[in-house]
Amino acid sequence: MSDARNAILQRLRQGQAQQAKPVEVPLRSPSQVSLEDFCEHLQNAHAQVIHCRPSDWLSTVVQRLASHGTSLACGRSAEGQQLHQAALEQGLNVCWYDEQLDKQQLFDQVDVGFSVAQAGLAATGSLVVETGPDEPRMLSLVPPLSIVLLRRSTLLADFNAYVQQRGDAAMPTNLLLISGPSKTADIQQTLAYGAHGPKELWVLLVNDVEEPA
Amino acid sequence: MTVQNYDPALMAAQVDNDEKAFADLRQRHFKARAKLSLENEQLRGSFLGATDFLQAKRRAVFEDTSELEHLRDRGEAIRQQSLAQLPDLLETLEKNLTANGIQVHWAETAEQACAHVHSILAANNARTVVKGKSMVSEEIELNHYLEKQGIECLESDMGEYLVQLAKEMPSHIIMPAIHKTTAQIARLMHSRAERSDGQPVPYTEDVDELIGNARAILRDKFASADAGISGVNMAIANTGTLCLVENEGNGRMSTTAPPIHIAITGIEKVVADLADVPDLLSLLTRSATGQHISTYFNMISSPRKTGELDGPEQVHLVLVDNGRSRMFNHPQLKPTLQCIRCGACMNHCPVYARIGGHAYGSTYPGPIGQVVTPQMQGLDKQGELVSACTLNGACGEACPVRIPLPKLIRELRHEANSTAPASELDIPGKGSQRHLGEAVVWKGWALAHQYGPVYRSMTWALSRGRSLMPHRLGAWTATRTMPMPAEKSLHELAKAAGIQQQPSGVEDPS
Amino acid sequence: MAQQPFTRCRDYPARPQQVYLMGTCLVDSFDPQAGMDAIQFLQHHGVEVLFPQQQSCCGQPAFNSGFDDEARQVARQQLKAFAADIPVVVMMGSCAAMLHCDYARLFEGQPEEAQAKALAARTFEFTEFVDRVLCLPPLPASGERVVLHTSCSARRSMGVAECHQRVLQNSGVEVVEPNRVTECCGFGGTFALKQGDISAAMACDKAEAVAACGVDTLVSADCGCLMNIGGTLAKQGRPIKTRHIASLLRQRQEESL
Ligand code: SF4
């Protein structure tokens, strides 16, 4: 209905003619990158932060999952492949998130989804996840337990810092900020977790910054 | 959990009664709705409790007031900058969305917007729809429209889902079921919610269990729905991106799981750049629920690409005008369009806290509703709303983008009583609230206060006639005593005390 | 940015020799003694007070009801009455806000626009003037306790809630604030008549909060609020008296002479 389009734009142009120029207000100087803030925000949001190192993150996850006895799905990111391999070796119930896995199965049978974050935002305790072929959208959404890996070196001060870092890079299909497990307070302001998506969020914080000597 | 006096038939009757009471409320005039709500002790408790809670949360998350004021300056500036370029930004947005594979549709009216959504669904043979939260879809009464076309439209935001089950409307733009108690919701879920196997859910008043029951029902729907519909919190022109803010994950579900995603937004929601987004997001979540950030912030820039495993194959955006371009043309009322729909104004409004959302009888309640609704639906139909305000300013003080809400409400009162000829771009129903009685009263008042001698003889008469004052004055004296004029006015006292009127050398203007 | 009514920073003059007093129409008829108390209080501190007999009402009732033409007719009279370039001290926060914040809009595009803006710039609410311009030394504590209600226009449009508090504390009385202190009492001018039920509900809640303070005097610098809350308290048979802040300040001044 291009009639509607033209009529709307025409009315807007008419209104635009009579306006004053608005002011500009600069950004405030960015805050410090605080690992403590990052962890505190996530924990307050009911997420678990699991501190690990590049050398032990795989064993840490696999060990924790072994005691869960649940089924895990991985995407084909480098870390996803490593985890798939390690889980197989430990005899865990693990599958690929690929064409073989249909939507209903994902909803009904997968308990744990694994994702990798591109960055973390300290000021809000947020994980930045860019979706794509190796990073499916639903892995961090549908399974009741969502595990997201974040490298310490990618932690930024806040969302503004991330936007600056991105510059003009093309946007992925979904750019997600995840700051806790799914929740709602729609029943008399009482918080409940796992409204629709994950009931639990584990953040694997891989310390790739200061390797112990 | 065990429940005393468990009686499913009684529960179902109570739920039906709530529905009837709501339907009855809808039929009435604003004053009657307000009165009914004021008399409902439980409702007043719910709203006062909820607004106190939300105010406290907001205060706590903005502990640094200088940061808050700076952010509000930013928020206002970003919104004003965006509006200043609105037609250009909309064209850029359309161009970039289209390049990203998202189809754009324009609607001048609510009816057109609904028709767009319907034709997309019909073209794809979609019969079942899950909806994320969208106030614009409430505004255009989309569910109603689609149901008439035989399309099932299920609300998936927990609050919206409950309100839909109850056959009511949201009473708050962020917390739609804020008016319901846990006990009411427990009865509602047990009486009306249906699992995919057709069974009712067991009765429980435990919030985790209630949410768990709804979760199970809704997850089945996400997996099977033919299409998802969502709102948009911000649209980024230069990247062709739709942004959604939410805590529950139902927004992501609705926009990810079904094969078609239709987003609906008002034309004012566009910003230029990704750089405009972070501070608006921060203002939005902190003002709305006192959260530093919502659980999810989802920026959608394209349908599923080749090689990707999930996400909708089609994404559509319906851009809705429905009176917005008219607001854009009003020099005083244009800031209405700065709104980011955070709900802080209603959380801080003492009138909203007492009468609740349903009393307003409009999609948008509270201060922003009082400003937006008459401009959309006409002052003739919704003009009464603008009188339900003391102009106390609490809303304007809370608004994250500094919309001068009390000023706008006052402007609307002016429009409602205007005698200037109406033009095509005017608010519908301009001048419709002007009643001869009130107009005459103000004319008389102006005469009495315009001329010093007339005014002074009036106050003189008032003080001398104080014993003759009526002891009852309509609404005022129902709960208050009648104020008594003093024996002598200040004018008289000052004169008697020899108080000078003007600096020496300045003439008395009389 | 466009307007920042809530975080106010405004320049204050040095103590002037003369000021106008705008009594306001409510004080004029319902609490004229407060006006005389203000005059005597200010004169005592060496400021000569002028009271133009031509003044009437700031025009706010009509303006807030949307009757701009009628408001303007009345407001023009005030532009004339307060024409000389000296500060105008206003007895009520809401009328001060009308002059200080709303005259610019009311006279936008009118021949008197510049005059109205100039008047706005030299308009001060009573406690604002006492606190920011007079800057008085504190008086000894009197042991008296009062409940303070700050009107919404004083708090939000004029930004003088702190001035209310400080002038009272400075005069040696102890200030008690009710629960939900920043909430409107439900007066709102014609709102009290047009939406009587809502207004009454708000007034009752405010009266309840005031009564809960257990103090027998309620003070404010807005007569509308005092009539509303005080009238509700009286109807409920609660023995709490209402006073304008100016009267209390004058009393304290006399006590400490
Ligand atoms: S008017 Fe302001 S406070 Fe109210 S919903 Fe809109 S942005 Fe939020």
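What counts, and where the lines are drawn
- Residues numbered from 1 in each chain as written.
- Chains lettered and ligands numbered in written order.
- Predicted model: local features only at pLDDT ≥ 70, side-chain atom pairs only at ≥ 80, totals over all residues.
- Heavy atoms only, no water.
- Helix = DSSP H or I, 4+ residues; strand = E, 2+ residues; numbered from the N terminus.
- Buried < 20%, exposed > 50% of the residue type's maximum accessible area, 1.4 Å probe, protein only.
- Contact = heavy atoms within 4.5 Å.
- Areas by Shrake-Rupley, 256 points an atom, 1.4 Å probe, with all protein chains shown as cover.
- Lys, Arg positive; Asp, Glu negative; His and termini not counted.
- Charge placed at Lys NZ, Arg CZ, Asp CG, Glu CD.
- Pairing = 2+ DSSP bridges.
- Phe/Tyr/Trp six-rings, centres within 6.5 Å; stacked < 30°, edge-to-face > 60°.
- Lys NZ or Arg CZ within 6 Å of the ring centre and 35° of its normal.
- Buried area = accessible area lost by both parts, 1.4 Å probe.
- Salt bridge = Lys/Arg side-chain N within 4 Å of Asp/Glu carboxyl O.
- Axes fitted to C-alpha atoms, helices over the stretch in contact; angles between N-to-C directions.
- Parallel < 35°, antiparallel > 145°, perpendicular 65-115°, else oblique.
- Left-handed = near helix turned anticlockwise from the far one by under 90°.
- Nonpolar A, V, L, I, M, F, W, Y, C, P; charged D, E, K, R; others polar.
- Expected span 1.5 Å × (residues − 1).
- pLDDT = per-residue confidence, 0-100.
- Domains from an automatic or database assignment.

Chemist: Looking at this structure, I do not really get the overall build of chain A. What am I missing?
Modeler: Counting its regular elements, chain A contains six helices and twelve strands. Dimensions along the principal axes, computed over C-alpha positions, put chain A at roughly 70 × 45 × 40 Å. For chain A, buried positions account for 56% of its 213 residues. In chain A, once contacts between residues fewer than 6 apart in sequence are set aside, the share between residues at least 24 apart is 72%. Roughly 9400 Å² of accessible area belongs to chain A as shown, and the carbon and sulfur atoms make up 45% of that amount. On chain A, the mean spot of the 15 positive side-chain charges and the mean spot of the 23 negative ones are 9 Å from each other.

Chemist: Where do I start with the overall build of chain B in this structure?
Modeler: A count of helical and extended segments in chain B gives 24 helices and ten strands. Dimensions along the principal axes, computed over C-alpha positions, put chain B at roughly 90 × 60 × 45 Å. The buried share of chain B, reckoned over its 510 residues, is 64%. For chain B, the computed accessible surface area is about 18100 Å², with 52% contributed by carbon and sulfur atoms.

Chemist: Please clarify how the sheet that holds strand β5 (residues 234-236) of chain B should be interpreted in this entry.
Modeler: On the basis of which strands lie adjacent, the open sheet formed by eight strands has the order β8(A)-β5(A)-β6(A)-β9(A)-β9(B)-β6(B)-β5(B)-β8(B) and mixed pairing. Two strands in the sheet have a free side with no partner beyond their single neighbour: β8 (155-156) of chain A together with β8 (270-271) of chain B. Pairing analysis gives four bridges linking strand β6 (residues 126-130) of chain A to strand β9 (residues 174-178) of chain A, with the strands arranged antiparallel. In the strand pairing of β9 of chain A, V128 of chain A is matched with L177 of chain A.

Chemist: Can you walk me through the packing of aromatic side chains in this structure?
Modeler: Here a ring pair, both rings aromatic, is described through the centre-centre distance and the interplanar angle of the planes. Residues and elements named next belong to chain B. A complete count under the given rule lists 13 aromatic pairs over all chains for this structure. Here a set of aromatic residues connected by ring pairs shows up, and it is made of F30, F47, Y352 and Y360. Note that K334 overlies the ring of F328, its terminal NZ or CZ placed 4.1 Å from the centroid. Here the guanidinium or amino end of R480 rests over the ring plane of W476, the centre of that ring lying 4.3 Å away.

Chemist: Teacher, can you tell me more about the environment of V136 of chain B here?
Modeler: Residues and elements named next belong to chain B. With respect to the helices and strands, V136 occurs in helix α7 (residues 135-139). Accessibility expressed as a relative area gives 7% for V136, which makes it buried. If we ignore the near neighbours within four places in the chain, the residues touching V136 are I264, T265, G266, V320, R324 and Y364.

Chemist: Looking at this structure, I do not really get the interface of chain A and chain B. What am I missing?
Modeler: Interfaces are frequently sized by the accessible area removed from exposure as the parts join. On the side of chain B, 97 residues touch chain A, which itself brings 73 residues to the contact. Summing the contributions of chain A and of chain B, the shared interface buries around 7400 Å²; its carbon and sulfur component is 57%. Broken down residue by residue, the surface that chain A buries against chain B is led by D186, I187 and H196 of chain A, which jointly contribute 11%. The interface formed by chain A and chain B contains seven salt bridges.

Chemist: Explain the environment of F22 of chain B here, please?
Modeler: All names here are of chain B. As for its placement among the helices and strands, F22 is situated in helix α1 (residues 8-27). Linking F22 and L68, residues 46 residues apart in sequence, is a C-alpha distance of 38 Å. Every residue in contact with F22, bar those within four places of it in the chain, is listed here: K167, E168, M169 and H358.

Chemist: What exactly am I supposed to notice about the pairing of strand β2 (residues 128-131) of chain B here?
Modeler: The two faces of a sheet get side chains in turn, since along a regular strand they alternate between them. Direction of pairing for β2 of chain B relative to strand β3 (residues 152-155) of chain B: parallel, over a ladder of four bridges. The partner of V130 of chain B across the bridge, within β3 of chain B, is L154 of chain B.

Chemist: Would you explain the packing of helix α2 (residues 32-44) of chain C against helix α13 (residues 245-255) of chain C in this entry?
Modeler: How two helices sit against one another is set out by the angle between their axes and by the gap between those axes. All names here are of chain C. At a closest axis distance of 8 Å, the pairing of α2 and α13 adopts a crossing angle of 45°. The angle between α2 and α13 places the two elements in the oblique class. The handedness of the crossing between α2 and α13 is left-handed. Residue-level contacts link Q33, A34, D37, A38, Q40, F41 and H44 of α2 to A246, S247, L249, R250 and Q253 of α13. Of the residues contributing to the contact of α2 with α13, the split by class is five nonpolar, five polar and two charged.

Chemist: Hey, could you run me through the sheet that holds strand β7 (residues 145-151) of chain A in this one?
Modeler: Strand pairing within a sheet occurs via backbone hydrogen bonds; the two strands may be parallel or antiparallel. All names here are of chain A. One open sheet holds the six strands; their spatial order is β1-β12-β7-β4-β2-β3, and the pairing between them is parallel. The open sheet is flanked by β1 (48-52) and β3 (93-96), the only strands paired with a single partner. Neighbour to neighbour, the strand axes of the sheet diverge by 25° on average, direction disregarded. When strand β2 (residues 71-74) meets β3, the two strands line up parallel, connected through four bridges. Of the residues in β3, the one forming a bridge with C74 is W96. In the packing of helix α2 (residues 35-44) onto the sheet, contacts are made with β1, β7 and β12 (200-206), and the angle to β12 comes to roughly 165°. Against the sheet, helix α3 (residues 57-68) contacts β1, β2, β4 (112-116), β7 and β12, and its axis sits at roughly 155° relative to β12.

Chemist: What is the right way to look at helix α11 (residues 196-211) of chain C in this model?
Modeler: The periodicity of an α-helix, 3.6 residues per turn, causes residues three or four positions apart to be oriented the same way. All names here are of chain C. Taking 1.5 Å of rise per residue, the 16 residues of α11 would be expected to cover 22 Å, and the 22 Å separating its terminal C-alpha atoms lies within 8% of that figure. Within α11, twelve of the 16 residues are buried, leaving the element largely enclosed by the surrounding structure. For α11, the set of buried residues is G196, I198, S199, A200, A201, M202, A203, K206, A207, A209, V210 and A211.

Chemist: How do you make sense of helix α13 (residues 277-289) of chain B when you look at a structure like this?
Modeler: With 13 residues, α13 of chain B extends 18 Å between its outermost C-alpha atoms, agreeing within 8% with the 18 Å of an ideal straight helix rising 1.5 Å per residue. Most of α13 of chain B is tucked away, with 13 of its 13 residues classed as buried.

Chemist: I'm lost on the confidence of the model for chain B in this one. Help?
Modeler: Summing up the model confidence of chain B, the mean pLDDT is 94 and the portion of residues at 70 or higher is 98%. In the predicted complex, the global pTM is 0.95; the interface-specific ipTM is 0.96.

Chemist: What should I look at first to understand the pairing of strand β5 (residues 145-148) of chain C in this one?
Modeler: All names here are of chain C. Pairing between β5 and strand β6 (residues 174-176): three bridges, direction parallel. The partner of R145 across the bridge, within β6, is E174. Judged from the two bridges that link them, β5 and strand β7 (residues 217-220) form a sheet pairing that is parallel. Each bridged residue has a counterpart across the sheet, and for V147 the counterpart in β7 is L218.

Chemist: For this particular structure, what's the right way to read the pattern of salt bridges?
Modeler: Oppositely charged side chains can form a pair if their charged atoms are brought close together. This model, assessed by the stated rule, comprises 56 salt bridges over all chains. Among the ionic pairs, R180 of chain C bridges to D52 of chain B, the shortest N-O distance being 2.6 Å. Highlighted residues: R180 of chain C in the loop between β6 and α10 (191-194) and D52 of chain B in helix α3 (residues 41-61), drawn from two different chains. The class of D52 of chain B is partly exposed, set by a relative accessible area of 31%. Residues joined in a network through salt bridges with shared partners are R5 and R13 of chain A together with D88, E91 and E94 of chain B.

Chemist: Sorry if this is basic, but what is going on with the side chain of Q60 of chain C here?
Modeler: Residues and elements named next belong to chain C. Within the secondary structure layout, Q60 lies in helix α3 (residues 60-64). You can call Q60 buried: its relative accessible area is 16%. Once residues within four sequence positions are removed from consideration, Q60 is found in contact with S94 and M98.

Chemist: Looking at this structure, how should I read the domain arrangement of chain B?
Modeler: What the domain assignment lists for chain B is domain 1 (8-320) and domain 2 (436-470 + 483-496). For domain 1 of chain B versus domain 2 of chain B, the distance between C-alpha centres works out to 53 Å.

Chemist: Please explain the packing of helix α6 (residues 159-166) of chain A against α13 of chain B as it appears in this structure.
Modeler: For the pair α6 of chain A and α13 of chain B, interaxial distance at closest approach is 8 Å and the crossing angle is 160°. In terms of orientation, α6 of chain A and α13 of chain B fall into the roughly antiparallel class. The two elements α6 of chain A and α13 of chain B meet at a crossing, and its hand is right-handed. Note on element contacts: α13 of chain B touches α6 of chain A through V277, P278, D279 and L281 of chain B, opposite F159, N160 and V163 of chain A. For the contact of α6 of chain A with α13 of chain B, the residue count by class is five nonpolar, one polar and one charged.

Chemist: What's the story with unusual backbone geometry in this structure? I'm lost.
Modeler: As a rule of thumb, non-glycine residues mostly have phi less than zero, and peptide bonds are mostly trans rather than cis. Despite not being glycine, L391 of chain B shows a phi value in the positive range, around 55°. Secondary-structure assignment places L391 of chain B in the loop between α18 (379-382) and α19 (394-398). Its identity is not glycine, yet R180 of chain C carries a phi of approximately 50°, on the positive side. When its relative accessible area of 28% is taken as the criterion, R180 of chain C is described as partly exposed.

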